[in-house]
Amino acid sequence: MKNYVDYDELEKIILDDLINESPSDLIDLSTHTYIDSVEDISIIAEEIELNVATISGRGIINIELQYNSDRDVRNGDGLEMSANFNFEFVLKIDINTKQLIKSNYNIDTEKFYS
């Protein structure tokens, strides 16, 4: 990613996008799902054409799951827990503005159900 998008920028782009888009794979896990962070981002492939970087890779997403309402949790009738999941991504990023053009995520939540 030399001189185009560095790892810190990439993590921020991915985190912001996941928070804004709220993938259904995660939303369906609990009453309230909060995305905390992404980490261990690794690039599998990248291609740059006409100032657009297409980047594919993988990482780990850390989330907080809350079951029932905030009030229920305070009263001991709810549950909060942390989880993390592996995910893969393909992003198209404008290398001049560092703006995300398009994203696709595959989040592996299978371990949650086993």
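Keep in mind that what you see is a predicted model, and the values were worked out from it rather than measured.

**Q** Explain the pairing of strand β4 (residues 100–107) residue by residue, including any values.
**A** Here strand β3 (residues 79–94) runs beside β4; their pairing, made up of seven bridges, is antiparallel. Of the residues in β4, the one forming a bridge with glutamate 88 is asparagine 106. As consecutive antiparallel partners, β3 and β4 are separated by five residues, and within that stretch lysine 98 has a phi angle of approximately 65°, a positive value.

**Q** Outline the pattern of salt bridges, supporting the account with residue identities and numerical values.
**A** Pairs can form between side chains of opposite charge whenever their charged atoms are close. Considering all chains together, one arrives at one salt bridge under this definition. Residue aspartate 16 pairs with lysine 12 through a salt bridge whose shortest N-O separation is 2.6 Å. Highlighted residues: aspartate 16 and lysine 12, both in helix α1 (residues 7–21), separated by four residues, approximately one helical turn. In this structure aspartate 16 comes out as partly exposed when scored by relative accessible area, which is 31%.

**Q** I'd love a proper account of the packing of aromatic side chains, names of residues and values included.
**A** The tally for this structure, following the rule as stated, stands at four aromatic pairs. Centroid distance phenylalanine 87 to phenylalanine 89: 5.9 Å. Interplanar angle 40°. Geometry classified as tilted. Measuring from ring centre to ring centre gives 6.3 Å for phenylalanine 87 and tyrosine 105, while their planes differ by 55°; the resulting arrangement is tilted. In this pair, phenylalanine 87 sits in strand β3 while tyrosine 105 sits in strand β4, placing the two residues 18 residues apart along the sequence. Neither residue differs from the other here; phenylalanine 87 and tyrosine 105 are each classed as buried. Taken together, the ring pairs connect Phe85, Phe112 and Tyr113 into an aromatic cluster.

**Q** Please set out α1 residue by residue, giving values where relevant.
**A** With 15 residues, α1 extends 21 Å between its outermost C-alpha atoms, agreeing within 8% with the 21 Å of an ideal straight helix rising 1.5 Å per residue. Buried within α1 we find Leu10, Ile13, Ile14, Leu15, Asp17 and Leu18. Of the surrounding secondary structure, the elements contacted by the buried residues of α1 are β1 (32–49), β2 (52–67), β3 and β4. Within two residues after α1, serine 22 carries a phi angle of roughly 45°, on the positive side.

**Q** So what about the sheet that holds β3? Which residues, and what values?
**A** The strand order β1-β2-β3-β4 describes an open sheet built from four strands, whose pairing is antiparallel. Strand pairing shows two members of the sheet lacking a second neighbour, β1 and β4, which therefore form its edges. Averaged over all neighbouring strand pairs, the angle between strand axes comes to 25°, with direction disregarded. Sheet analysis places β1 next to β2, joined by 14 bridges and oriented antiparallel. Residue pairing for β2: glutamate 49 is matched across the bridge by valine 52.

**Q** Tell me about the side chain of threonine 109, and please be specific about residues and values.
**A** Inspection of the secondary structure puts threonine 109 in the segment after β4. Filtering out sequence-adjacent residues up to four positions away, threonine 109 remains in contact with Asp25, Leu26, Leu29 and Phe85.

Here is what the cut-offs are and how they apply
- Residues numbered from 1 in each chain as written.
- Predicted model: local features only at pLDDT ≥ 70, side-chain atom pairs only at ≥ 80, totals over all residues.
- Heavy atoms only, no water.
- Pairing = 2+ DSSP bridges.
- Helix = DSSP H or I, 4+ residues; strand = E, 2+ residues; numbered from the N terminus.
- Salt bridge = Lys/Arg side-chain N within 4 Å of Asp/Glu carboxyl O.
- Buried < 20%, exposed > 50% of the residue type's maximum accessible area, 1.4 Å probe, protein only.
- Phe/Tyr/Trp six-rings, centres within 6.5 Å; stacked < 30°, edge-to-face > 60°.
- Expected span 1.5 Å × (residues − 1).
- Contact = heavy atoms within 4.5 Å.
- Axes fitted to C-alpha atoms, helices over the stretch in contact; angles between N-to-C directions.

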